[in-house]
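Residue-level listing of the chains:
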Amino acid sequence: MSAVPAAPTTYDGRPVDIRSRNFHLRLAETPEEVAASQALRYQVFVEEMAAQPTPEREMEKREFDRFDPFCDHLLVFDTDVGSPPGKVIATYRFMRREAAERAGGFYTATEYDIGPLEAYQGEVMELGRSCVHADYRAGANMQLVWRGITDYVMHFGVDLMFGCASLPTVEPSEVSEQLTYLYHHHLAPPALRPRARPELRVGMDCLPPESLDTKAALQALPPLIKGYLRLGGFVGDGAVIDSDFGTTDVCVVVKTDMVTDRYRRHLTRERQTDS
C-alpha cells in the first residue's frame, strides 16, 4: 500500500461548498489536502485515542488505508489559520457504490455482512473516519459537518447511508447498557440489517431489557452515534471489536428520507443565519 495520497476525484463544480464565519467546508481537491485529512486522523485516532498504527503510518504520521484513494474526503478548513485554504480541523470519508466497486468493496464489509445494503435499490454511501480537532469540538462545528453530509447526499441522490461507528473500548462489558439499548430500540428491519461477520460477532443483547435505564444508556452513547439516531438511524445485528483502533464497533444504517423534520428545520435556520 502506497503511503503517497492519490489525487482525489474531481467534479464539475463543488458538490459541497459551505462557508460559515471563518470555516469553509468542501471535498478534498488535491493529494496534499487528502494528506492533511489523514494527518488529522492520525492525531485524533492514534495520538489521542491510542489506535495502533502500522510502522508505515507511524513514520508518515498519517492514518490511511487501501480505501482512501477511492473515497471523497469532506474537509472543514479554518481559513483564519495557516496559509490558504487554511487548517483542516475536521474530516469525514465518503464512498459511494461506484467507488466501492472499483475498490473491491466497502470498508464496512471487513466487519459486517452488508449484503442487504449492497442489494438496496438506489444510491448507497458509506461514511467513516469521522474526526474533529480537539480545539474545535463545539456543537456548532459538528452541525456544520452534518450540513456538508446533507449537501453531499442531495447532490448525488444518496438514498441510504451506512458505516461503522465506534464505542471507545475493546471490553463490551463496559458498554453493555449502550449495546443493549441499541439492540432493543434501534435494530434495523430485516431488509436493511447488516450482520457482524460470524468470526467477529459480539452479541449486543447483553442485559435483560427490563433492567435497562434507557435514558442513561442513550446519554452514554458517543455523540456521533446519537447524531445518527436523531436522523432516524438503525444499527445492525452484532458488534465487532476493532483491536487496532481500540473500539467496539456497531454498524449504523440511515435512510436519507428519514431525516427528521426537527433537523430539517435546524438546517434551515442555520442557512438563514449565515446568509
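Residues numbered from 1 in each chain as written. Predicted model: local features only at pLDDT ≥ 70, side-chain atom pairs only at ≥ 80, totals over all residues. Heavy atoms only, no water.

Caption draft 1: Molecular detail of helix 1 (residues 31-48). End to end, helix 1 covers 25 Å across 18 residues, agreeing with the expected 26 Å (1.5 Å per residue, within 8%). Packed against the buried residues of helix 1 are strand 2 (23-27), helix 2 (55-60), strand 3 (72-78), strand 4 (87-96) and strand 6 (123-132). Downstream of helix 1 by one or two residues, Ala 50 has phi in the positive range, about 65°. (Helix = DSSP H or I, 4+ residues; strand = E, 2+ residues; numbered from the N terminus. Expected span 1.5 Å × (residues − 1). Contact = heavy atoms within 4.5 Å.)

Caption draft 2: Representation of the pairing of strand 2 within the structure. Of all five residues that make up strand 2, five are buried, and the element is covered over most of its length. The alternating pattern of strand 2 places Phe 23, Leu 25 and Leu 27 on one face and His 24 and Arg 26 on the opposite face, and all of these are buried. By the bridge criterion, four bridges tie strand 1 (residues 17-20) to strand 2 in an arrangement that is antiparallel. Counted as the bridge partner of Asp 17 is Arg 26 from strand 2. Connecting strand 1 to the antiparallel partner strand 2 that follows it, the hairpin turn spans two residues, and Arg 21 within it adopts a positive phi of roughly 55°. Where strand 2 lies against strand 3, five bridges are found, and the strand directions are antiparallel. Residue pairing for strand 3: Phe 23 is matched across the bridge by Asp 78. (Buried < 20%, exposed > 50% of the residue type's maximum accessible area, 1.4 Å probe, protein only. Pairing = 2+ DSSP bridges.)

Caption draft 3: Main features of helix 8 (residues 223-230). Those residues of helix 8 that fall on the buried side of the exposure criterion are Ile 225, Lys 226, Gly 227, Tyr 228 and Leu 229. Positive backbone phi, approximately 85°, marks Gly 232, located one or two places after helix 8.

Caption draft 4: Looking closely at the side chain of Ser 37. Inspection of the secondary structure assignment puts Ser 37 in helix 1. With residues near it in sequence (within four places) discarded, Ser 37 still touches His 73, Leu 75, Val 88 and Thr 91.

Caption draft 5: Spatial organisation of the side chain of Thr 247. You can see Thr 247 is positioned in strand 12 (residues 247-255). At a separation of 2.9 Å, a polar atom in the side chain of Thr 247 contacts the side chain of Asp 249. (Polar contact = N/O pair within 3.5 Å; in protein donor to acceptor, adjacent residues only side chain to side chain.)

Caption draft 6: A look at the nonpolar core. Counting 43 residues, the largest nonpolar core has Leu 74, Met 125, Ile 149, Leu 182 and Val 250 as its most contacted members. Ignoring sequence-local partners within four residues, the contact set of Met 125 consists of Phe 94, Met 95, Arg 96, Ile 149, Tyr 152, Val 153, Val 158, Leu 160, Met 161 and Phe 162. (Core = buried A, V, L, I, M, F, W, Y, C linked by side-chain atoms within 4.5 Å.)

Everything listed here is a matter of geometry and, on its own, says nothing about what the molecule does.
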